[in-house]
Amino acid sequence: MRAQFKNTVSELAAHDDSIVIVLGDISVYMFKDFWEKHPNRFYNMGICENTLVSVTAGLSSQGFNPFVHTICPFLTDRSLEQIKLDMCYNNFAGNIVTCGATFDYAWDGATHHAYTDLASLRMLPNMEVLHLGSKREVDALIRSQYNSPRPTYYRLSDHPHTIETNTEFGKGTVLKNEGAPLTVMTAGPILTNVMEACRDLPVNLVYFHTLKPIDKALIEQFRDTEILVVHDAYGLYEAISEVPALRMRYHGLPDAFCGWYGTVQDIRKRIGLDPASIRGAVQTRLADRSQGARVR
Amino acid sequence: MDDICRKIRSEILNVSNKSGHGHIPTSFSIVEMLTAVYQTMRHDPKRPDMPERDLFVLSKGHASLGFYCTLAAHGYFSFEDVYAFGGFDSRFGCHPDRTKVPGVEASTGSLGHGIGIAVGMALAAKIASTKRKVYTLIGDGESNEGSVWEAVMVAVNTKLDNLTVLYDNNQSQGRCLPIGNPAERFAAFGCDVSEMQGHDLAAIKQALAKPTDRVRVLVCNTVKGYGCATLSENVYEWHRRAPKPDELTKLQGELHAGAI
């Protein structure tokens, strides 16, 4: 997804002088071609995330379309106030692109894990929040949103899915609609595991890449079903909750630091986000519903 | 004290009295710095969004009262407009909002943010090959924030000779985390530093006019509440206080008598 980010931005920059890259000493070699072609629009500014965001806001104030990019927690946790005030409150746009989603850097421990970004950025007025899941989504949504009048957050992962989805901004995708009483809703790369888990189960499956604005009209279509949100971050459950009075449950992160190192697959398995565990969680909901029906 | 600076201070007192909101001493300390900037930079109060204008960012946003009165003195709006300071639905909040007040380029309030935005603005001017100059005013207390020094490093490293940082050295942090010798510190970061008495309007303007090929820093040694002895000798008591009618009379008397 990072390579797609670079490719898409490079293609856009060839025809659009407003694009400026601001890096926090990450992905620098990957952007080597961009640097050589546009030396006055490429800045490996340093490991100073607060200032990266403030400078991005200042560039935006003067009509540029900047992309600020570094590792997720350092940009979105550490610089949350700069995003909130310098970009959102000032109404300066710009593009915030992170790598290292959730447990992508599992082996580095909890300092490098990122799961609050979507939830916290979603709460900021003016913000657009994207949990991108595939390379297609990266390409399409950067092209459609990079010059949006609002600040836009793009969350990239090293573990994209390859499933065909609707890449229109603000729109979700119905991947399975069996008229079932249980609907699984998910977002981002974890779709790979969710799809495998649900493939042959009698459930509906709905996917989102845009968490803000969330596709409320699509959610409304499943109002009469129980909704099981399966997600490897915070933010999607809260976004779906914007539609009032739904029957919802969450299957995802524990209230704990998952500092067991290893790989993203290792951690997903331990916390129940591997395909088998997700399938078990869905089957439990199906069984509970069935039992509930018998009781009634 | 120059007449315009006395007038601005007098209106700061009036606004504070009428609105009930303060931050007078910190606003008083920057009046000459603000006046020097607005007498130097390219701007047009009748066209606040003039494309070729220079830019000013008040990073220490809590001194907005001084900022608004300076803008009023330069024709952006009337002093009477500012009497709504801090009131419900007023344009003039106790921290400036760029979307509400003409002449305000960035909304500030949380310390250590404005200078970073100003660095981005100056970088934008460089990328666009314009002659635009960018000015920002930061406080010494604000400079406890690490983000200030990040921004200075980035500005120096990106060679922003179109950026001027005015440092209000009003001894805010003597009580907790003082910045020992700010001129030496900025010089060590690679800036072109001038140090001056911060209430000498001519000296500040002269320093602003001097050509430079580096990030320019003016360390302005100022006095909180400069112009009124009651304020300058009791800065803690007056930090965020508005004068009552009898106190207003006394303060105006001190200001116009030239007492400190």
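In this text, all values refer to a predicted model and were calculated from it rather than measured experimentally. Within each chain, residues carry numbers counting from 1 in the order of the written sequence. Starting at A for chains and at 1 for ligands, labels are handed out in the order in which the entities are written. Where local features are concerned, this predicted model is filtered to residues with pLDDT of at least 70; where side-chain atom pairs are given and counted, the filter is 80 or more; whole-chain, interface and lining totals use all residues. The basis for the side-chain values is all heavy atoms of the structure; hydrogens and waters are excluded.

Engineer: Looking at this model, I keep getting lost on the UniProt feature "domain: Transketolase N-terminal" (unreviewed entry) in chain B. Mind explaining?
Structural biologist: UniProt positions are given in the numbering used here, feature names are shortened, and annotations may be inferred rather than shown by experiment. The UniProt record annotates "domain: Transketolase N-terminal" (unreviewed entry) at residues 7–252 of chain B. Only DSSP runs of H or I covering at least 4 residues are called helices, and only runs of E covering at least 2 are called strands; the numbering of each starts at the N terminus. In this annotation, residues 7–252 of chain B is assigned 40% helix and 12% strand; the end-to-end C-alpha distance for the span is 10 Å.

Engineer: Please clarify how the interface of chain B and chain A should be interpreted in this entry.
Structural biologist: With 23 residues of chain B in contact, the opposing surface of chain A contributes 25 residues. When two parts are put together, the accessible area they lose, computed with a 1.4 Å probe and summed over both, is reported as buried area. With both sides pooled, the region where chain B packs onto chain A buries about 2000 Å², and carbon together with sulfur makes up 61% of that total. For chain B, the biggest contributors to the area lost against chain A are B:His113, B:Ile127 and B:Glu150; these three give 29% of the whole. For this analysis, a salt bridge means a side-chain nitrogen from Lys or Arg found within 4 Å of a carboxyl oxygen belonging to Asp or Glu. On inspection of chain B and its partner chain A, the count reaches zero salt bridges. For the purposes of these results, a polar contact is taken to be a pair of N or O atoms within 3.5 Å, where, inside protein, one atom must be able to donate a hydrogen and its partner to accept one; residues adjacent in sequence count only when each atom of the pair is a side-chain atom. In this assembly, chain B and chain A are joined by nine residue pairs in polar contact (both at pLDDT 80 or more). Two residues form a contact once any of their heavy atoms are found within 4.5 Å.

Engineer: In this structure, what is going on with the pattern of salt bridges? I would like to understand it.
Structural biologist: A side chain with one charge can pair with a side chain of the opposite charge if their charged atoms come near. Inspection of the entire model under this criterion finds 30 salt bridges over all chains. Note that B:Lys126 is salt-bridged to B:Asp161, the shortest N-O span being 2.5 Å. Here B:Asp161 lies in the loop between α7 (146–157) and β3 (163–169) and B:Lys126 lies in helix α6 (residues 114–127), a separation of 35 residues in the sequence. Exposure remark for B:Lys126: the relative accessible area of 36% places this residue in the partly exposed category. Residue B:Asp213 is joined to B:Arg214 by a salt bridge in which the shortest nitrogen-to-oxygen separation is 3.9 Å. Judged by relative accessible area, which is 59%, B:Asp213 ranks as exposed. The structure contains a network of salt bridges with shared partners spanning A:Glu226, A:Arg249, A:Arg285 and A:Asp288. Burial status follows relative accessibility: with a 1.4 Å probe on protein chains alone, a residue under 20% of its type maximum counts as buried, one over 50% as exposed, and anything between as partly exposed.

Engineer: How should the packing of α6(B) against α7(B) be read in this particular structure?
Structural biologist: If you want to describe how two helices pack, look at the angle between their axes and the distance between the axes. Residues and elements named next belong to chain B. Taken N-terminus to C-terminus, the directions of α6 and α7 make an angle of 15°; their axes are 8 Å apart at the nearest point. The angle between α6 and α7 places the two elements in the roughly parallel class. For the pair α6 and α7, the sense of crossing is left-handed. When α6 is examined against α7, the residues Ile115, Gly116 and Val119 are found in contact with a partner set consisting of Val148, Ala151, Val152, Val154 and Ala155. The class makeup of the residues in the contact of α6 with α7 is seven nonpolar, one polar and no charged. Angles here are taken between N-to-C directions and fall from 0 to 180 degrees, while the axes themselves are lines fitted to C-alpha atoms, restricted in helices to the stretch in contact. With respect to orientation, any angle under 35 degrees is reported as roughly parallel, any angle over 145 as roughly antiparallel, any angle of 65 to 115 as roughly perpendicular, and every other angle as oblique. Handedness of a helix crossing follows the sense of rotation of the near helix relative to the far helix, less than a right angle counterclockwise being left-handed and clockwise being right-handed. Three classes are used: nonpolar for Ala, Val, Leu, Ile, Met, Phe, Trp, Tyr, Cys and Pro, charged for Asp, Glu, Lys and Arg, and polar for all others, with Gly counted as polar.

Engineer: Sorry if this is basic, but what is going on with the packing of aromatic side chains here?
Structural biologist: Aromatic ring pairs: the centre-centre distance and the angle between the two ring planes describe each pair. The aromatic pairing rule takes the rings of Phe, Tyr and Trp, using the six-membered ring of Trp, and pairs them if the centres are within 6.5 Å, calling planes under 30 degrees apart stacked, those over 60 edge-to-face and the rest tilted. Summed over the entire model, instances satisfying the criterion amount to 21 aromatic pairs over all chains. Between the aromatic rings of B:Trp149 and B:Phe186, the centroid separation amounts to 4.8 Å while the plane-to-plane angle is 35°, which identifies the pairing as tilted. Taken together, the residues B:Trp149 in helix α7 and B:Phe186 in helix α8 (residues 182–188) connect sequence positions 37 residues apart. Both residues of the pair, B:Trp149 and B:Phe186, belong to the buried class. Among the aromatic residues, ring-to-ring pairing joins A:Phe5, A:Phe31, A:Phe34, A:Trp35, A:Phe42, A:Phe67 and A:Tyr154 into one connected group. Sitting over a ring, as applied to charges here, requires NZ of Lys or CZ of Arg to be within 6 Å of the ring centre and within 35 degrees of the ring normal. Directly above the aromatic system of B:Phe28 lies the positively charged group of B:Arg9, at a separation of 5.6 Å from the ring centroid.

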